[in-house]
Structure formats: structure tokens, C-alpha cells
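This is what each chain is made of:
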Amino acid sequence: MNRWICRNYRLGIYLIEGIMMGNAIFFLRPRGIPLLTILFLMAAAAAPWILLYGSSVRRLIREAVVAMNMECDPEPLLELTRDCLHSLDPGGKKHGGNILRWKLNQSSALIGLGRYEEALQVLDEILPFLHGNNMEALLICRNNRASVLGFLGRTGEMEQEVRQIDEMMGRIRQDTPLFQASKLSLQRNRCDLRFLQEGGTPQVENLYQEILKEQNSTRNLVMAHLGVARCALSQGESHRAREHLRFVLDHGNKLIAHQVARNMLEQMEN
């Protein structure tokens, strides 16, 4: 039911307004009801549907985020963003606040599934519409963009993105939830950048080990274990690399990291 409401938000609004418009033409106006009163009644008629839509979306987004972060399954979030974006903006031309938030969620799901080019296209589309007065969305966008650039091996561009995030973080109070949440994403991007620049040195591995201690979601743990495994393999410690790769296989579910770990183990066996 919740999913149907999300998919058919605009249809519901059109039906309610159509019914009210019919009542206005055939019943209310002939009885001398003022136009402002009719407009108020139309808005009041649509309000319950709008509230129901908001409640359904909040429930679905919570479930989808839990599925991605704790069950390592980004597909529910991707499906939800597709449905809601189609409902709110069928033509794909709008860039209002709700549309931007949904596209940020869409990019996170695409990254988790390894669809990096698609994720970068979404992020590049919305970045010009994000401004300093929406620091949270801007930080999420830039952190996601840095991750994608790293996965695509575009090290120079990733380094520029990380510098921009550093500069933005310097303007945020450190005791705020926004700073703490962004700090973890930035820390992971810094580790990935160091790995691309220096390889899997013991120093870089120590950074991934620090992330393992701080992460609070299965998805982030999976990515950190994959980073440690790559470092261990670079240092010739295949036995230790296998231990971390098995964690990724056991918990990675539908994340791209699961397939990466499987490929790495297959190559190690050959």
C-alpha cells in the first residue's frame, strides 16, 4: 500500500482536485459559494492525501536505508527513489529540495551496486543546484562524488574533491551530528585516496583499521574489511587477506564489494 501511494502521488492529487473542480462547477458556484472558499475546500480535500503520502514515504525510506546500511542491499532504496522521482517529476526537469534529496539517495544506492558512471551522472546533474545554505546535502553530494571518482580511478579529481570537503568541514562546528556523519565519510574517502596514491602500505592499512573501530553499519564495515584485505594482499599476506574477504562475502549481500571479494579470492586460488 505504501509503495502504491508513492508511485501514484500525482494521480491522487489530480483525482482529488478533479472531483473538487466538478463539485465547484456544478454545485458550489451555482449556489453562490465564494471562489476563495472553494479554493480552500480544494486544498483541505488534498491535505489528507498529502499527509498520507508523507507518512508512507518516511516509512519506506527508513526501511530502505536500513536494508542498505545493515543488510547491504541497496536495491530497495534504488527502487524507491525511482518510484518517487517518477511520481514527483515525470519529466526529470525539476531540481527542488525534495527532488535533490531523492537524487542523493539514488546516487548512494547506485554506488553500492557498483553503477559508478550512473551515480556520477546523477551527482554532476544536481551539484550546481546545491548551495552553502544546504550544507548537509552538499557534503553528501561531494563525499559521494569523491567515492565514485576513487572507484573509477580518477585520483586527481578525487583529491580535489576531498580538499573541497576538508574546506567545508572547517566551517562546521565539530559537536554537531552533521560534522560527525560527514567525518566518517570523509575518513573513508581519505583512506581510499591514500590507497590509490601509495598502495596498500602498513600505514594505509592502519587507517582502514581505525575505520573498522568506528563504523556503525554493516555496509561500512564491509567496505573497511575490503580495504584491509587489499592492503594485506599488497603486503603479501594472503592468509590475512582471505579472512577479511570472507567477512565481505558473508555480509556483503548485494553490494558490489561482495563481487569484488569473490573475484579477489578466485584470483588468489588460481
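Refer to the structure above for everything that follows.
Since this is a predicted model, take the numbers as computed values, not measurements.

## A closer look at unusual backbone geometry
Okay, step 1: A positive phi angle, close to 55°, is found at Cys72, a residue other than glycine.
Okay, step 2: For Cys72, a relative accessible area of 0% gives the class buried.

## Side note on the nonpolar core
Okay, step 1: Ranked by size, the top nonpolar core spans 43 residues in total, and within it Leu80, Trp102, Leu130, Leu139, Cys141, Val148 and Met169 carry the most contacts.
Okay, step 2: Elements represented by at least two residues in this core include exactly helix H3 (35–71), helix H4 (75–88), helix H5 (97–112), helix H6 (116–126), helix H7 (135–151), helix H8 (155–169) and helix H9 (177–198).
Okay, step 3: Of all the elements, H7 adds the most residues to this core, at eight residues.
Okay, step 4: Look past the residues within four positions of Leu130 in its chain and what remains in contact with it is Leu100, Ala137, Leu138 and Cys141.
Okay, step 5: Core analysis: the second largest hydrophobic core is formed by 14 residues, Val222, Ala241, Ala257 and Leu265 among them.

## A look at helix H12 (residues 238–251)
Okay, step 1: The end-to-end C-alpha distance of H12 is 20 Å, a good match for the 20 Å that 14 residues give at a rise of 1.5 Å each.
Okay, step 2: Turning to H12, its buried residues are Ala241, Arg242, His244, Leu245 and Val248.
Okay, step 3: Along its buried surface, H12 packs onto helix H11 (218–234) and helix H13 (256–269).
Okay, step 4: Following H12 by one or two positions, Asn253 adopts a phi angle in the positive range, close to 50°.

## Some points on the layout of surface pockets
Okay, step 1: Computed from the structure, the largest pocket encloses a volume of approximately 1500 Å³.
Okay, step 2: Lining the largest pocket are 50 residues, with Met68, Ser108, Ile140, Asn144 and Arg219 sitting closest to its centre.
Okay, step 3: Elements represented by at least two residues in the lining of the largest pocket include exactly H3, H4, H5, H7, H9 and H11.
Okay, step 4: Among the elements that take part in the lining of the largest pocket, H9 stands out by supplying ten residues, more than any other.
Okay, step 5: Residue composition of the lining of the largest pocket, grouped by class: 26 nonpolar, 17 polar and seven charged.

About the thresholds
Residues numbered from 1 in each chain as written. Predicted model: local features only at pLDDT ≥ 70, side-chain atom pairs only at ≥ 80, totals over all residues. Heavy atoms only, no water. Buried < 20%, exposed > 50% of the residue type's maximum accessible area, 1.4 Å probe, protein only. Core = buried A, V, L, I, M, F, W, Y, C linked by side-chain atoms within 4.5 Å. Helix = DSSP H or I, 4+ residues; strand = E, 2+ residues; numbered from the N terminus. Contact = heavy atoms within 4.5 Å. Expected span 1.5 Å × (residues − 1). 1 Å grid on protein atoms, 1.4 Å probe; cavity = no way out; pocket = protein on both sides within 12 Å on 5 of 7 lines; lining within 4 Å. Points joined across faces, edges and corners; volume = space filled by probe spheres on them. Nonpolar A, V, L, I, M, F, W, Y, C, P; charged D, E, K, R; others polar.

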